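# Structural overview
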Amino acid sequence: MMRFMLLFSRQGKLRLQKWYIAMSEREKKKLGRELMQIVLGRKPKMCSFLEWKDLKVVYKRYASLYFCCAIEDQDNELLTLELIHRYVELLDKYFGSVCELDIIFNFEKAYFILDEFIMGGEIQDTSKKNVLKAIEQADLMQEHLQFIPTHFPLPWSGIYQNEDGPRPETSPVPSQPRRDAARPAELLQHFVPCLEFLVLVPQHLQADQKGTAAPLLP
């Protein structure tokens, strides 16, 4: 059984984590920090398997990302290595030449693909076709839900008004706009910082981390 999986960059920044055992947040951060230091300190020609505490650690580097899994002592290391590669293939098939930036900006999709592939620390389905089919169905359902209206017209909005009769006198529709309503210029002042953030984030990632746009699979 797999205990947890970590995805982190060569700069030691955690991109994705999935834990299959109950543990406090403090312990998770401590274990993740220790394991990242050990893996990043190893040379490229060293073995991808290592014994760490009472667990076996299997890791593999794809471009700028490390995929690291902690398994129990009786589990097969080669099978875990193949499991990591299959997950990378699923990401590459879904995103199309997946890179680190795809996981950064679409981390919820990476988690969803992992949940369709592994559940409770065990492989749920080894077929890439079945996993990708389930993901496509979920994406299609999400697109349909976006078109469902989140609000409905109120009785005094005029839609429910009787054509033969006038609108009731108790209608709470205001005759004049509220004086404390925000003007367009005031709203724009709140949106400008958000737009600047969206523009600066990709530039910051490209300047701070080299190789984030490199594809994981050749």
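As a reminder, the structure under discussion sits directly above these lines.
First things first, this report covers the structure right here in the doc. Each residue is numbered by its place in its chain's sequence as written, counting from 1. It should be noted that, the model being predicted, local features are given only for residues of pLDDT at least 70 and side-chain atom pairs only at 80 or more, the latter also being counted only at that level, while totals for whole chains, interfaces and linings use all residues. The side-chain numbers reported here are obtained from all heavy atoms of the structure, hydrogens and water having been left aside.

This brings us to the overall build of the protein. Elements are defined by DSSP. Helices are runs of H or I of four residues or more, strands are runs of E of two residues or more, and each kind is numbered from the N terminus. For the protein, the helix and strand inventory stands at six helices and seven strands. The linear arrangement of helices and strands in the protein, starting from the amino end, is β-β-α-β-β-β-α-α-α-β-β-α-α. Note on classification: 1.4 Å probe, protein chains only; a residue is buried when its accessible area is under 20% of the maximum for its type, exposed when over 50%, partly exposed between these limits. When burial is assessed residue by residue, the protein has 29% of its 218 residues classed as buried. Residue contacts follow a heavy-atom distance rule, with two residues in contact if any of their heavy atoms lie within 4.5 Å. If you take every contact in the protein between residues at least 6 apart in sequence, the share linking residues at least 24 apart comes to 54%. Here the accessible surface of atoms and residues is derived via Shrake-Rupley with a 1.4 Å probe, and residues count as covered only by protein chains that are part of the display. For the protein, the exposed area adds up to about 15,100 Å²; of that, 56% sits on carbon and sulfur atoms.

Right, let's get into the packing of helix α2 (residues 77-95) against helix α5 (residues 128-145). Contact geometry of α2 with α5 gives a least axis separation of 11 Å together with a crossing angle of 45°. For the element pair α2 / α5, the angle class is oblique. α2 and α5 meet at a crossing whose hand is right-handed. Judged by residue contacts, R86, E89, L90, K93 and Y94 of α2 engage K128, V131, L132, I135 and D139 from α5. Partitioning the contact of α2 with α5 into residue classes produces five nonpolar, no polar and five charged. Helix axes use the C-alpha atoms of the stretch in contact, all axes being lines fitted to C-alpha atoms, and the angles between their N-to-C directions lie in the range 0 to 180 degrees. For classification, angles of less than 35 degrees are called roughly parallel, those exceeding 145 degrees roughly antiparallel, those between 65 and 115 degrees roughly perpendicular, and all remaining angles oblique. Each crossing gets its handedness from the near helix: less than a right angle anticlockwise from the far helix is left-handed, clockwise is right-handed. Each residue receives one of three labels: charged for Asp, Glu, Lys and Arg, nonpolar for Ala, Val, Leu, Ile, Met, Phe, Trp, Tyr, Cys and Pro, and polar for the others, Gly being one of them.

The next thing to look at is the side chain of S9. Structurally, the position occupied by S9 is in strand β1 (residues 2-9). Take S9: its relative accessible area is 0%, and that puts it in the buried class. Excluding residues that lie within four positions of it along the chain, S9 makes contacts with R15, L40, S64, L65, Y66 and E100.

Here the aromatic set is Phe, Tyr and Trp, taking the six-membered ring for Trp, and pairing holds for ring centres within 6.5 Å; pairs whose planes are under 30 degrees apart are stacked, those over 60 apart are edge-to-face, and all others are tilted. Within this structure, the stated rule accounts for five aromatic pairs. Plain terms: the ring middles of Y94 and F95 are 5.0 Å apart, the flat faces sit at 90° to each other, and that makes the pair edge-to-face. Cluster of aromatic residues (ring-pair linked, three or more members): Y62, F67 and Y87.

Pairing in this open sheet of five strands is antiparallel, and the strands run β2-β1-β5-β4-β3 from one edge to the other. Two strands close off the open sheet at either side, each with one partner strand: β2 (14-19) and β3 (49-52). When strand polarity is set aside, the average angle formed by the axes of neighbouring strands in this sheet is 20°. Here β1 runs beside β2; their pairing, made up of five bridges, is antiparallel. Residue pairing across strands places L6 opposite Q17, the latter belonging to β2. Along the sheet face, α2 touches β1, β2, β3, β4 (55-62) and β5 (65-71) and points at about 35° away from the line of β4. Two strands are said to pair when DSSP picks up at least two bridges between them.

With respect to the helices, strands and loops of the structure, L114 is situated in helix α4 (residues 107-117). Accessibility expressed as a relative area gives 0% for L114, which makes it buried. Apart from residues lying up to four places away in sequence, L114 is in contact with M5, L16, K18, Y20 and Y87.

A word on the pattern of salt bridges. A carboxyl oxygen of Asp or Glu within 4 Å of a side-chain nitrogen of Lys or Arg is what we treat as a salt bridge. The final tally for this structure, using the stated rule, is nine salt bridges. Note that E34 and K53 form a salt bridge whose closest N and O atoms lie 3.4 Å from each other. Here E34, found in helix α1 (residues 25-40), pairs with K53, found in the loop between β3 and β4; they are 19 residues apart in sequence, far enough to count as distant. Assessed through its relative accessible area of 27%, E34 is described here as partly exposed. K53 gets classed as exposed once you look at its relative accessible area, which sits at 57%. The shortest N-O distance in the salt bridge between E77 and K56 comes to 3.0 Å. Of this pair, E77 sits in helix α2 while K56 sits in strand β4, placing them 21 residues apart in sequence. What makes K56 buried here is its relative accessible area of 14%.

This part covers α1. To estimate the expected span of a helix, subtract one from its residue number and multiply by 1.5 Å. Helix length check: α1, at 16 residues, gives a terminal C-alpha distance of 22 Å against a target of 22 Å (1.5 Å per residue), a fit within 8%. Along its buried surface, α1 packs onto β1, β2, β3, β4 and β5.

All we've got here are geometric facts, nothing functional implied.
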